[in-house]
Amino acid sequence: MAWVSDYKPNNGWAPTWSREIRGGALAEHRDHLIDLLNSANLGSNADTWYWSLKNSGTLPASMVQTHWNKYLPMKVNVFMRRAMLNRLPTKTNIDLKGVDVESTLCSICDDHQEDSVHLFFKCDTALQLWSCVGRCLEEVIPTFHHLNDMLSWIDNQRVLCFKREIIDTISTTLIWVLYTYQNDVVFGGNSYKKVLLFDSVVSFSFNWFCYGNSKSKINYSAWLYDLLMN
């Protein structure tokens, strides 16, 4: 292992080895390593990440941005990561991959092209759910055009960190419920009833938040009538 502190301006690299290298293949590997180190150009600027697959060297934002909620199950967090990268098997994504689909219209409303933005924020069912959440939070839910818009809205909430985590948990649970309901419609399942979708959002978010926060003493009745626990 070589540290930057092993570099001497006048003498080059002088790494410290755990044991003496007497010769043979190890000596050849050492000499090759020293050549590589000597070819490195150490500047005085602060260390930064460099993305070699782009001429600009800039790491794409989609590779940096992520979302992880410690109260939610891993499968939901992984699902959100895929959603942010637009890798969910919505009808439009499946069609773009060359798979023959009978229709690219939304499986729930059958009125618009089914992509993540429509499914989670534009579909009539999604709008109804967001409206219910807004009334419970006593918030006017803005129009979201991407999942990042939703996360930015959550981050900008001027509330205590604990309450921001609750909003994040409820909002992400809503996205999860909508997606699993869409799958139910496509595959003829019976896990959800449309009229009970909001109840599912409240129930799942309560169970997940309480399970991930063992110190909380929240009861379901209080959560049901006051999601922010004011």
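For the structure itself, look to the data block above.
What counts, and at which threshold
- Once a new chain begins, its residue numbering starts again from 1 and follows that chain's sequence as written.
- Reporting of local features is limited, given that this is a predicted model, to residues whose pLDDT is at least 70; pairs of side-chain atoms are given and counted only at 80 or more, and all residues count toward the totals for whole chains, interfaces and linings.
- Note: side-chain values were computed over all heavy atoms of the structure, leaving out hydrogens and water.
- The set of buried Ala, Val, Leu, Ile, Met, Phe, Trp, Tyr and Cys residues whose side-chain atoms join them within 4.5 Å is what this entry labels a nonpolar core.
- Three labels apply to residues, based on accessible area from a 1.4 Å probe with only protein chains included: buried if under 20% of the type maximum, exposed if over 50%, partly exposed otherwise in between.
- Each helix is a run of DSSP H or I of at least 4 residues and each strand a run of E of at least 2, with the numbering of both proceeding from the N terminus.
- Note on contacts: a residue pair is in contact if any heavy atoms of the two residues lie within 4.5 Å.
- Residues adjacent in sequence count toward polar contacts only when both atoms are side-chain atoms; beyond that, a polar contact is any pair of N or O atoms within 3.5 Å, and within protein one must be able to donate a hydrogen and the other to accept it.
- Patch definition: residues above 30% relative accessible area lacking any salt bridge, with like charges linked at up to 9 Å and the nonpolar side chains Val, Leu, Ile, Met, Phe, Trp and Tyr linked at up to 5 Å.
- Reported accessibility uses the Shrake-Rupley method at a 1.4 Å probe radius. Residues are deemed covered only where the shown protein chains occlude them.
- Each salt bridge in this description consists of a side-chain nitrogen of Lys or Arg and a carboxyl oxygen of Asp or Glu lying within 4 Å of one another.
- Planes of paired rings set the category: under 30 degrees apart is stacked, over 60 is edge-to-face and the rest tilted, where pairs are Phe, Tyr or Trp rings (Trp by its six-membered ring) whose centres lie within 6.5 Å.

Membership of the largest hydrophobic core comes to 47 residues, with the highest contact counts inside it found for F120, W130, M150 and I175. Taken together, the elements giving at least two residues each to this core come down to α3 (74–84), α5 (116–122), α6 (124–137), α7 (147–155), α8 (161–187) and α9 (197–212). The dominant element in this core, judged by the number of residues it contributes, is α8, at 10 residues. Apart from residues no more than four positions distant in its own chain, W130 is found in contact with F120, F121, I141, F144, M150, S171, L174 and I175.

With respect to the helices and strands, the residue H118 is situated in helix α5. Here H118 falls in the buried class, since its relative accessible area comes to 6%. When the C-alpha positions of H118 and H145 are compared, they lie 8.6 Å apart, and in sequence the two are 27 residues distant. Discounting residues that sit within four places of it in the chain, H118 has contacts with C106, C109, H112, Q113 and C123.

The residue W208 is located in helix α9 in this model. We classify W208 as buried; its relative accessible area is 13%. Separated by 39 residues in sequence, W208 and T169 have C-alpha atoms that sit 8.2 Å apart. The contacts of W208, once residues within four sequence positions are left out, are Y71, L72, P73, V76, T173 and W176.

So, about the side chain of N69. Its location among the elements puts N69 in the loop between α2 (61–64) and α3. Separated by 3.5 Å, the side chains of N69 and D168 make a polar contact. In this structure N69 touches N77, E165, D168 and T169, once residues within four positions along its chain are discounted.

A surface patch of nonpolar side chains, amounting to about 350 Å² of accessible area, comprises W68, M74 and V78. Summarising the element assignment, M74 is placed in helix α3. Given a relative accessible area of 58%, M74 falls into the exposed group.

Another point: the packing of aromatic side chains. Enumeration according to the criterion identifies 11 aromatic pairs in this entry. Each ring, one from F204 and one from W208, has its centre 5.2 Å from the other, and the planes form 20°; the classification is stacked. Highlighted residues: F204 and W208, both in helix α9, separated by 4 residues, approximately one helical turn. The partly exposed category is assigned to F204, whose relative accessible area is 28%. Clustering of aromatic rings is evident, with ring pairs tying together F79, F120, F121, W130, F144, W153, W176 and Y179.

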